[in-house]
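Observations on the three-dimensional arrangement
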Amino acid sequence: SSKMFSLGSWLPALPGLAWGWPLLDALLQGEIPRGWPGDSPGDTSDPLLPLPTGLVGACAISVLCSLLKVYLYIQCVNNPERQAEKEAIAAQRPLLEPLHVLVLTGVLALVGSRVAALVVLEFSLRAVSTLLSLGKGAQSSQLYLLCQYSLGCGVSCGLSFLLEGAPHRSWNLALAAGLAGLLALHARRLARHVCALYELHSRARYCGVCILLLAAGHGIPRLLRNALALTFAVADLAAVELINRDFLSTGEAVRFWTPLTICYTLLVVYMQEESRQSTGRGLVFRTVVVRMGGLFILLLTVGRWTDILHVFVSLLGEFWCLLRSGVLLESCWRQ
C-alpha cells in the first residue's frame, strides 16, 4: 500500500518537521499536492509546471538554432563568395548559449498558457501563408529562425496540455527536461565541431560526422520542416483546447474567436505586403512590434490584465531570440 512506502511512516515523528513529510512523499511519488498557500480555490494547475516546460521549450529553440547554424555554415563553405558569412557564423560566442537558454526558460515560464496559445496560432497561420506564397519546392531558412519564440511557446503549450492531470507528471517533466537538455547540449557541440573542423575533416575524409554532413547536410531543412510541422500540429490542438476551456458557452467562444480571426488575417495580409516591399532586420523587428501590438489591442477588449503583462513578456522573448540569431538571419537574407 502507499502507506507502507510513505517516508513519514519510516522516520521519527518530529513535531517541527511533520508538515514536510506529506510534501516530500508527494514529490517522490511524482505528484504536487494542492491547497498550498497562494493556490486559488478550485485551482487544478501544477505550481511547478511552467519552469520545466519552459526549459524544454528553450532547449527546442537551442536545437533549432544549432542545426541551422550547421546547415548555413556548410552552405558558406561550399560557396567561395560567402567566406565572410562563414567567418561571422563561426565567430559566434558559444559561451553565451547557456545564458540564452536560461533567459528563454524564464520568459517561457512567465508567459501564461493563454498568450502562449495565441502566439502559436498566429505563427501557424503566418507560416501556412508564407509557405503558400513561396511556391512549390521553395525553401525558407529565414522562417525557421522567425519561429523560435513561437516554437518555445508551442512546446510549452503541448507539454502542459498533454501532462495535465497525468500521474507522476513531475517525474515525466523532469525526464523531458533532462532529455531536452541533453539533446540541446549535443546539438551545440555539433555546431561547435563543424565550425572548427568541418573544412579540414571533409577534405581529408577523416571524421565520420563531417563525412555524413558532407553527404546529407543538404537534408537538414527538410528534417527541420518535418519536425516543426509535427510540433506545431500538436501545439495548435493544445492551444485551441487551452483557450476554449475559459468559455462557459458557445456565445462567449464566438465573441472571442471572431475578432481574433479578423485580427490575425489582417496581420498576415499586412506582413505579406511588407515582405514584398522590403527586407532586412528592420522589417523583422517591425513585424514583431505589429504582431504583438495587434495581440495587445485584441486582449484589451477580450482578455484579462495578466494577459496584457504576458504580451509584453512575449515581446521581450521575441526580441531576445532575434538579437541572438542576428548573424544567422543575415546569412539567410543573403542566401
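Residues numbered from 1 in each chain as written. Predicted model: local features only at pLDDT ≥ 70, side-chain atom pairs only at ≥ 80, totals over all residues. Heavy atoms only, no water.

1. Thoughts on the packing of helix α8 (residues 148–163) against helix α11 (residues 220–244)
Going by this rule: Here an axis means a line fitted to C-alpha atoms, over the contact stretch when the element is a helix, while the angle between two N-to-C directions is reported on a 0 to 180 degree scale. A helix here means a DSSP run of H or I that spans at least four residues, while a strand means a run of E at least two residues long, and both kinds are numbered starting from the N terminus. Comment on the angle field: the value is read as roughly parallel under 35 degrees, roughly antiparallel over 145, roughly perpendicular from 65 to 115, and oblique elsewhere. Throughout, a crossing is termed right-handed when the near helix is turned clockwise from the far one, and left-handed when it is turned anticlockwise from it by less than a right angle. The contact definition used throughout considers only heavy atoms, calling two residues in contact when any of these lie within 4.5 Å. Three classes are used: nonpolar for Ala, Val, Leu, Ile, Met, Phe, Trp, Tyr, Cys and Pro, charged for Asp, Glu, Lys and Arg, and polar for all others, with Gly counted as polar.
Two elements in contact, α8 and α11, have axes separated by 8 Å at closest approach and are oriented at 60 degrees. By the angle between their axes, α8 is oblique relative to α11. Judged by the twist between their axes, the crossing of α8 over α11 is left-handed. Along the contact surface, α8 presents Ser-150, Leu-151, Gly-154, Val-155, Cys-157, Gly-158, Phe-161 and Leu-162, while α11 presents Leu-228, Thr-231, Phe-232, Val-234, Ala-235, Ala-238, Glu-241 and Leu-242. Here the residues of the contact of α8 with α11 sort into 11 nonpolar, four polar and one charged.

2. Remarks on the side chain of Ser-331
Note the following rule: Three labels apply to residues, based on accessible area from a 1.4 Å probe with only protein chains included: buried if under 20% of the type maximum, exposed if over 50%, partly exposed otherwise in between. Pairing of N or O atoms within 3.5 Å defines a polar contact, subject to two protein rules: one partner must be a possible hydrogen donor and the other a possible acceptor, and residues neighboring in sequence count only if both atoms are side-chain atoms.
Looking at the element boundaries, Ser-331 is found in helix α15 (residues 326–334). The exposure class assigned to Ser-331 is buried, which follows from its relative accessible area of 1%. Reaching out from Ser-331, the side chain makes a polar contact with the side chain of Arg-82 at a distance of 3.2 Å. Once residues within four sequence positions are removed from consideration, Ser-331 is found in contact with Leu-72, Cys-76, Arg-82, Glu-85 and Ile-89.

3. Things to note about the pattern of salt bridges
Oppositely charged side chains can pair when the atoms bearing their charge come close. For clarity, the cut-off: One speaks of a salt bridge when a side-chain nitrogen belonging to Lys or Arg is within 4 Å of a carboxyl oxygen belonging to Asp or Glu.
For the structure shown, the criterion picks out seven salt bridges. Close ionic contact of Glu-97 with Arg-324 constitutes a salt bridge, the shortest N to O distance being 3.2 Å. Here Glu-97, found in helix α5 (residues 96–110), pairs with Arg-324, found in helix α14 (residues 305–324); they are 227 residues apart in sequence, far enough to count as distant. Among the residues examined, Glu-97 registers a relative accessible area of 8% and is labelled buried. With a relative accessible area of 21%, Arg-324 lands in the partly exposed category. For the salt bridge of Arg-291 with Glu-318, the shortest nitrogen-to-oxygen distance reads 2.7 Å. Of this pair, Arg-291 sits in helix α13 (residues 281–302) while Glu-318 sits in helix α14, placing them 27 residues apart in sequence. When its relative accessible area of 2% is taken as the criterion, Glu-318 is described as buried. Shared partners join several salt bridges into a network, and the residues in it are Glu-122, Arg-126, Arg-291 and Glu-318.

4. Here we look at the packing of aromatic side chains
Keep this limit in mind: Each aromatic pair joins two rings of Phe, Tyr and Trp (for Trp, the six-membered one) with centres within 6.5 Å, and gets the label stacked for planes under 30 degrees apart, edge-to-face for over 60, and tilted for any other angle.
Under the criterion given, the structure shown has three aromatic pairs. Ring plane angle 35 degrees and centroid distance 5.0 Å describe the contact between Phe-123 and Phe-232, whose orientation is recorded as tilted. One end of the pair, Phe-123, is in helix α6 (residues 113–134); the other, Phe-232, is in helix α11, with 109 residues separating them in the sequence. As far as burial versus exposure is concerned, Phe-123 and Phe-232 are alike and both buried.

5. Points about the packing of helix α3 (residues 50–77) against α8
It is the contact of α3 with α8, at a shortest axis distance of 8 Å, that shows an interaxial angle of 140 degrees. Between α3 and α8, the angle falls in the class oblique. α3 and α8 meet at a crossing whose hand is right-handed. Of the residues in α8, those touching α3 at Thr-53, Gly-54, Val-56, Gly-57, Ala-60, Ile-61, Leu-64 and Cys-65 are Gln-148, Tyr-149, Leu-151, Gly-152, Val-155, Ser-156, Leu-159 and Ser-160. The residue inventory of the contact of α3 with α8, partitioned by class, reads nine nonpolar, seven polar and no charged.

6. A closer look at empty space enclosed by the protein
Over the atoms rolls a probe the size of a water molecule, and in doing so it shows where empty space is left. Note the threshold: Lining residues are defined by having an atom within 4 Å of a point belonging to a cavity or pocket. Those points lie on a 1 Å grid over the protein atoms alone, cavities being sets where a 1.4 Å probe fits but cannot get out and pockets being open sets with protein on both sides within 12 Å along at least five of seven lines. Grid points are joined across faces, edges and corners, and a volume is the space filled by probe spheres set on the points.
Across all of its chains, the model carries one cavity of 30 Å³ or more by this definition. Put simply, the largest cavity is a space of about 50 Å³. Lining the largest cavity we find Leu-118, Val-119, Glu-122, Tyr-264, Arg-291, Met-292 and Leu-295. In the lining of the largest cavity, the residues fall into five nonpolar, no polar and two charged.

7. Thoughts on the nonpolar core
Spelled out, the test is: Put simply, buried Ala, Val, Leu, Ile, Met, Phe, Trp, Tyr and Cys residues joined by side-chain atoms within 4.5 Å make one nonpolar core.
In this structure, Leu-64, Leu-118, Tyr-149, Tyr-198, Tyr-264 and Leu-295 are the most contacted members of the largest nonpolar core, which totals 84 residues. At 16 residues, the largest contribution of residues to this core is made by α3. Setting aside chain neighbours within four positions, we find Leu-295 in contact with Val-115, Leu-118, Val-119, Tyr-264 and Val-311.

8. Overview of the UniProt feature "transmembrane region" (unreviewed entry) in the protein
Threshold: UniProt positions are given in the numbering used here, feature names are shortened, and annotations may be inferred rather than shown by experiment.
Per the UniProt record, "transmembrane region" (unreviewed entry) is found at residues 55–74, 95–121, 141–163, 170–191, 254–271 and 283–302. Across residues 170–191, the secondary structure splits into 100% helix and 0% strand, with the terminal C-alpha atoms separated by 31 Å. Taken as a whole, residues 254–271 contains 100% helix and 0% strand, while its terminal C-alpha atoms sit 26 Å from one another.

9. A look at the environment of Asp-236
When you line up the elements, Asp-236 lands in helix α11. Residues Asp-236 and Leu-121, spaced 115 residues apart in sequence, show a C-alpha to C-alpha distance of 6.1 Å. When sequence neighbours within four positions are dropped, the list of residues in contact with Asp-236 reads Val-120, Leu-121 and Ser-124. There is a polar contact of 2.8 Å between the side chain of Asp-236 and the side chain of Ser-124.

10. Let's talk about the environment of His-218
Following the sequence through the fold, His-218 ends up in the loop between α10 (208–216) and α11. Along the sequence, His-218 and Tyr-71 sit 147 residues apart, while their C-alpha atoms lie 7.2 Å from each other.

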